[in-house]
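Residues per chain, in single letters:
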Amino acid sequence: MNVMVKAEGVHKSFGHVEVLKGIDLEVEQGEVFCLIGPSGSGKSTFLRCINHLEKVNAGRLYVDGELVGYRQKGDKLYELKDSEVALKRRDIGMVFQRFNLFPHMTALENVMEAPVQVKGESKAEARERAGRLLDRVGLADKAGNYPSQLSGGQQQRVAIARALAMEPKLMLFDEPTSALDPELVGDVLDVMRDLAESGMTMIVVTHEMGFAREVGDSLVFMDEGVVVESGNPRDVLNDPQHERTKSFLSKVL
Amino acid sequence: MTVDIDKQGPEDVPPAGPEAIKAVPVRHYGRYLSALVAIAVLTAIVLAFARGNINWGAIPDYFFDARIVDGAKETLLLTVLSMAIGVGGGVLLAVMRLSKNPVTSSIAWFYIWFFRGTPVLVQLFVWFNLGFVFDYINLGPVYKDEWSDFMTPFLTALLGLGLNEAAYMSEICRAGLLAVDEGQTEAAHALGMSHSKTLRRVVLPQAMRVIVPPTGNEVINMLKTTSLVAAVQYYELLRNAQDIGQSSGATVEVLFLAAAWYLIMTSILSVGQFYLERYYARGSSRQLPPTPWQKVKANMLSLRRPEVTR
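These numbers were taken from a predicted model, which means no experiment stands behind them.

*Asks:* Hey, could you go over the overall build of chain A for me, with residue numbers and the actual values?
*Replies:* Per the secondary structure count, chain A includes 9 helices and 12 strands. In summary, chain A has a C-alpha radius of gyration of 18 Å against a globular reference of 18 Å for 253 residues, a match within 12%. A principal-axis box enclosing the C-alpha atoms of chain A has dimensions of 50 × 50 × 35 Å. Within chain A, residue pairs in contact and separated by at least 24 positions form 64% of the contacts whose partners lie at least 6 positions apart.

*Asks:* Describe in detail the sheet that holds strand E4 (residues 58–63) of chain A, supporting the description with residues and values.
*Replies:* Residue and element names in this part refer to chain A. Taken in spatial order, the 4 strands make up an open sheet running E2-E1-E4-E5, and their pairing is antiparallel. The outermost strands of the open sheet, each flanked by one partner alone, are strand E2 (17–28) and strand E5 (66–67). Note that E4 and E5 share 2 bridges and pair antiparallel. Bridge assignment links Tyr62 to a residue of E5, and that residue is Leu67. On top of the sheet, helix H1 (residues 43–50) reaches strand E1 (3–14), E2 and E4; it is set at about 60° to E2, its chief contact.

*Asks:* Describe the packing of aromatic side chains, with residues and values.
*Replies:* Here the structure, examined in full by the defined rule, presents 17 aromatic pairs over all chains. Note on Phe221 of chain A and Phe248 of chain A: the rings are 5.1 Å apart at their centroids and 40° apart in plane angle, and the pair reads as tilted. Remark: Phe248 of chain A occurs in helix H9 (residues 243–252) and Phe221 of chain A occurs in strand E11 (residues 218–223); sequence separation between them is 27 residues. Take Phe248 of chain A: its relative accessible area is 8%, and that puts it in the buried class. For the ring pair Phe49 of chain B and Phe256 of chain B, a centre distance of 6.2 Å and an interplane angle of 65° mean the geometry is edge-to-face. Of this pair, Phe49 of chain B sits in helix H1 (residues 29–51) while Phe256 of chain B sits in helix H11 (residues 251–280), and the two are 207 residues apart along the sequence. Classification of Phe256 of chain B by relative accessible area gives partly exposed; the value is 29%. Within the aromatic cluster, the residues linked to one another by ring pairs are Phe134, Tyr143, Trp147 and Phe150 of chain B. Residue placement shows Lys73 of chain A over the ring face of Tyr78 of chain A; its charged tip is 5.8 Å from the ring centre.

*Asks:* Provide a residue-level description of the pairing of strand E9 (residues 170–174) of chain A, including the pertinent values.
*Replies:* All names here are of chain A. A large share of E9 lies buried, amounting to 5 of its 5 residues. Side chains Leu170, Leu172 and Asp174 project from E9 onto one buried face, and the interleaved Met171 and Phe173 project onto a second face that is buried too. Bridge analysis of strand E8 (residues 92–95) against E9 gives 4 bridges, and the strand direction is parallel. Bridging from a neighbouring strand, Met94 pairs with Leu172 of E9. Here E9 runs beside strand E10 (residues 201–205); their pairing, made up of 5 bridges, is parallel. Residue pairing in the sheet places Leu170 in a bridge with Thr201 of E10.

*Asks:* A description of the UniProt feature "transmembrane region" (unreviewed entry) in chain B should follow, citing residues and the corresponding values.
*Replies:* Residue and element names in this part refer to chain B. Under the UniProt annotation, "transmembrane region" (unreviewed entry) lies at residues 32–56, 76–96, 108–130 and 254–276. Within residues 76–96, the helical portion is 100% and the strand portion 0%, while the C-alpha atoms at the span's ends are 30 Å from each other. As annotated, residues 254–276 has a helix share of 100% and a strand share of 0%, and its two end C-alpha atoms lie 33 Å apart.

*Asks:* I'd love a proper account of the nonpolar core, names of residues and values included.
*Replies:* The tendency in soluble globular proteins is for nonpolar side chains to be buried as a group. Residues and elements named next belong to chain A. Ranked by size, the top nonpolar core spans 49 residues in total, and within it Leu134, Ile160, Met171, Phe173, Met192 and Met202 carry the most contacts. With 7 residues, the top contributor of residues to this core is helix H6 (residues 182–197). Other than its neighbours up to four places away in sequence, Met192 contacts Ile160, Phe173, Pro176, Met202, Val204 and Phe211. Counting 39 residues, the second-largest nonpolar core is a separate cluster that includes Phe33, Val68, Phe96 and Leu170.

*Asks:* Now, about the pattern of salt bridges: what can you tell me, with residues and values included?
*Replies:* All names here are of chain A. Enumeration over the complete set of coordinates arrives at 24 salt bridges over all chains. Between Arg129 and Glu121 there is a salt bridge, with the nearest N and O atoms lying 2.7 Å from each other. Like Arg129, the residue Glu121 is buried in the burial classification. Each of Lys119, Glu121, Arg129 and Glu167 takes part in a single network of salt bridges with overlapping partners.

*Asks:* Explain the interface of chain B and chain A to me, using residue names and the numbers behind them.
*Replies:* Contacts between the two partners involve 21 residues from chain B and, on the opposite side, 26 residues from chain A. Summed over both partners, the interface of chain B with chain A comes to about 2,100 Å²; 54% of that surface belongs to carbon and sulfur atoms. Ionic pairing is found between Glu186 of chain B and Arg48 of chain A, a salt bridge with its closest N-O pair at 2.6 Å. For the pair chain B and chain A, the interface holds 7 residue pairs in polar contact (both at pLDDT 80 or more). If you list the elements that add at least two residues to the side of chain B that touches chain A, you get helix H8 (182–190) and helix H9 (195–225) of chain B. Per-element tally for the side of chain B that touches chain A: the top contributor is H8 of chain B, with 7 residues.

*Asks:* Which residues make up the UniProt feature "domain: ABC transporter" (unreviewed entry) in chain A, and what values do they have?
*Replies:* UniProt's entry tags residues 5–249 of chain A with the feature "domain: ABC transporter" (unreviewed entry), counted in the numbering of this structure. With 37% helix and 28% strand, the stretch residues 5–249 of chain A has end C-alpha atoms that lie 26 Å from each other.

Cut-off values and rules
Residues numbered from 1 in each chain as written. Chains lettered and ligands numbered in written order. Predicted model: local features only at pLDDT ≥ 70, side-chain atom pairs only at ≥ 80, totals over all residues. Heavy atoms only, no water. Helix = DSSP H or I, 4+ residues; strand = E, 2+ residues; numbered from the N terminus. Rg over C-alpha atoms; globule rule 2.2 N^0.38 Å. Contact = heavy atoms within 4.5 Å. Pairing = 2+ DSSP bridges. Axes fitted to C-alpha atoms, helices over the stretch in contact; angles between N-to-C directions. Phe/Tyr/Trp six-rings, centres within 6.5 Å; stacked < 30°, edge-to-face > 60°. Buried < 20%, exposed > 50% of the residue type's maximum accessible area, 1.4 Å probe, protein only. Lys NZ or Arg CZ within 6 Å of the ring centre and 35° of its normal. UniProt positions renumbered as here; feature names shortened; annotations may be inferred. Core = buried A, V, L, I, M, F, W, Y, C linked by side-chain atoms within 4.5 Å. Salt bridge = Lys/Arg side-chain N within 4 Å of Asp/Glu carboxyl O. Buried area = accessible area lost by both parts, 1.4 Å probe. Polar contact = N/O pair within 3.5 Å; in protein donor to acceptor, adjacent residues only side chain to side chain.

Shown next as structure tokens:
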């Protein structure tokens, strides 16, 4: 199996606060990789490091065999230019907790924006594909609506379609259902399940243990910036080995 | 727009329930008194002016005088061009101030500090008198001329007003840019958009909602401030009006006339501002506010169907 994401001793600090204290993990291609843990454990920060929204302070992070944010020549590391970072981000889709749809564009325009502006696709082509993507997430009839006219669940599904429009090889989900009414969580998870079945590599920071158990291929429990426990989601969730994992799961399950 | 007609029931009978309260309302004598005083003062002022030594007939006589119409055109032209310099320079300065480069951000800070901290009239005089400092302008192979031919009263007025305005506009633009949620930038970057594209496609259109209302204010202010450039020998509405006043003897009357022209122009600009705000509100409010024309149409519709509007 091809390794999609590889982390070696990843450290990250904000000022004097060390958020990640040496993360080592591997995500294989086609895998659904779930990150769980209490808030402040560093799971979102780690996710944001993968597409270089945050700079790693120490350690190495590779996506599809390429170093994130830097170029290595011999012993020396060279920081990548903004344009080079942007080029790599094209291949990594990201879905945010607060959706972050562009409020001044309709759902269709949101999905079309990156293919047209970043890849230089023709508008007709992008519109056609955006329509199909919206259909795929079950929102074909909402194409002309602005984000403010959509429910949270609908907005998040548009956000997923927007990320998919760039045809990424990796999708990052940062607590995609945490800002949603319980009723609306199901629709978003259905879309994600469908995406997982299509073979997309997905890293999902989530509190949805049901989703992790059912769809996840691997699961990592993080606490205070370190990986406490990892393995098959069903094994970890049913039979946690560490005290910290046990006490966390006893509160959320 | 759809009007929900069916929701309003046809019956006039108040709903049966607890008996409605019938009480003697409080009499606000203070309100009657203040209304009376205000009306009395207003009447006194109107009467004073009506009896004053004012030749009201002079106003319509000169209202469309060629010099006045020309002056109004000059005023408008100066307003539009100075605001263009102001907005363009303002966006540039705001981006400079927010940039991570300490040199550009300090220069922008210094520019704003200087141009906002000195009176615009002083700045106009400085531009006007730069002829004492420079004899000619030499931009290498591009342009070369005597200073006095280069710095016409028009250019003096334009630079004086425009560069001053840029300092104010940059603060307005900066406020707008800061008002856009950081998640928007992150989402755009995560999609692989460059900094400039993110700014142009995602951040600026949203910042416009915050930028447009105070900018409308600035345009109206600018239209009035152009009256200052009479001091640097530029002939606009006020200056032409004053000239007419001096030659015809209707000094005060032409000032009223000029005031009326300014009022008309600022009123038209306010209407433009309404439509601009409406345009940038798309997406942010679920239902756009109706335009005046739509309001009129809606009212006419309801007039034709009186049973709905009861």
